[in-house]
Amino acid sequence: MPTSNVIDLVRGNWQRVQAEVNEAVASAGRGDDVTVVGVTKYVGPELTYALYQVGCRILGENRPQSLWEKYDWCANQGLEQPEWHLIGHLQRNKVRRTLPMLACVQSVDSLRIAQTLNAEAARIGEPIQVLIEVNVTDDEEKTGMRQEELKRVFDLLPELAYLKPTGLMAMSTHHADAQQLRSEFARVRELRDSLEAEFPGVALPDLSMGMSGDFREAIMEGATLVRIGSSLWEGIERDR
Ligand SMILES: *Cc1c(COP(=O)(O)O)cnc(C)c1O
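Below you will find a few notes about this structure. Being a predicted model, the structure only gives us computed values, none of them experimental.

Focus on the side chain of Thr-98
Argument step 1. As for its position among the elements, Thr-98 is in helix α4 (residues 95-98).
Argument step 2. At 3.0 Å, the side chain of Thr-98 and the side chain of Trp-68 are in polar contact.
Argument step 3. Ignoring sequence-local partners within four residues, the contact set of Thr-98 consists of Pro-64, Leu-67, Trp-68 and Leu-90.

Concerning the packing of aromatic side chains
Argument step 1. Tallied over the entire structure, the rule returns 3 aromatic pairs.
Argument step 2. Centre to centre, the rings of Tyr-49 and Trp-73 are 6.2 Å apart; their planes meet at 55°, and the pair counts as tilted. Here Trp-73 lies in helix α3 (residues 64-77) and Tyr-49 lies in helix α2 (residues 45-53), a separation of 24 residues in the sequence.
Argument step 3. Accessibility expressed as a relative area gives 8% for Tyr-49, which makes it buried.
Argument step 4. Under the relative-accessibility criterion, Trp-73 is labelled buried at 17%.

Description of the environment of Arg-97
Argument step 1. Secondary-structure assignment places Arg-97 in helix α4.
Argument step 2. Along the sequence, Arg-97 and Gln-65 sit 32 residues apart, while their C-alpha atoms lie 9.8 Å from each other.
Argument step 3. Leaving out residues up to four positions away in the same chain, Arg-97 has contacts with Trp-68 and Asp-72.
Argument step 4. In terms of polar contacts, Arg-97 uses its side chain to reach the side chain of Asp-72, at 3.4 Å.

Quick look at the environment of Asp-206
Argument step 1. Relative to the elements of secondary structure, Asp-206 occurs in strand β7 (residues 206-208).
Argument step 2. Along the primary structure Asp-206 and Glu-237 are separated by 31 residues, whereas in three dimensions their C-alpha atoms are 33 Å apart.
Argument step 3. Excluding residues within four positions of it along the chain, Asp-206 makes contact with Gln-129, Leu-131, Thr-166, Gly-167, Leu-168, Thr-224 and Leu-225.

The rules we used
- Residues numbered from 1 in each chain as written.
- Predicted model: local features only at pLDDT ≥ 70, side-chain atom pairs only at ≥ 80, totals over all residues.
- Heavy atoms only, no water.
- Helix = DSSP H or I, 4+ residues; strand = E, 2+ residues; numbered from the N terminus.
- Polar contact = N/O pair within 3.5 Å; in protein donor to acceptor, adjacent residues only side chain to side chain.
- Contact = heavy atoms within 4.5 Å.
- Phe/Tyr/Trp six-rings, centres within 6.5 Å; stacked < 30°, edge-to-face > 60°.
- Buried < 20%, exposed > 50% of the residue type's maximum accessible area, 1.4 Å probe, protein only.

So this is what it looks like as structure tokens:
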């Protein structure tokens, strides 16, 4: 188990991050809440669980294998599971093992994975909350759907009855300046607005955008979930 000293560091970072996020919400003139998803990919199971214990209820992992490891670790210790969100690419052959561990798949980045998730959720008889990952950058390498595929997913949504999309997720261009960040995040919000207008009955309140380096810009543009990793692990030896 991490020493109480390490837990204090995790708690201090968690409180600092929350304060910074609340400050950003206030200076954006917003009255609503922004939820911090604690990204735990940098640390092992013990530190991951320490973050949950100090109050971060939603944890994000980007690799299915790391999620399995941490989920099994909690189960073996008899510990309550955090609310796990997958925030990275999910291969179709990992859907069966991963889905039962998840509260939300934030990274639905293709029609094919949407269909596979829907089929598996139908098989086990439990709908799954998802966010649709969109690519609003000029970077072809980046994951996420572009406009055309996005439209196809929403066209087909009536057939995907076990998917419960509640919003969009996006990553900004690495090292973009503040102005470019703002315009990329604004683009996500505008996409959401146009999807809601085009597909009546679809509600997409969640916008998952912003990380340690750009959550302020994301919050200015309407983020409701920010995915914070490195800032939560500052000053902590990360090998547990
Ligand atoms: C790692 C990661 C984050 C967190 O990034 P930090 O810069 O460490 O805060 C957020 N989202 C995704 C998809 C990630 O892979």
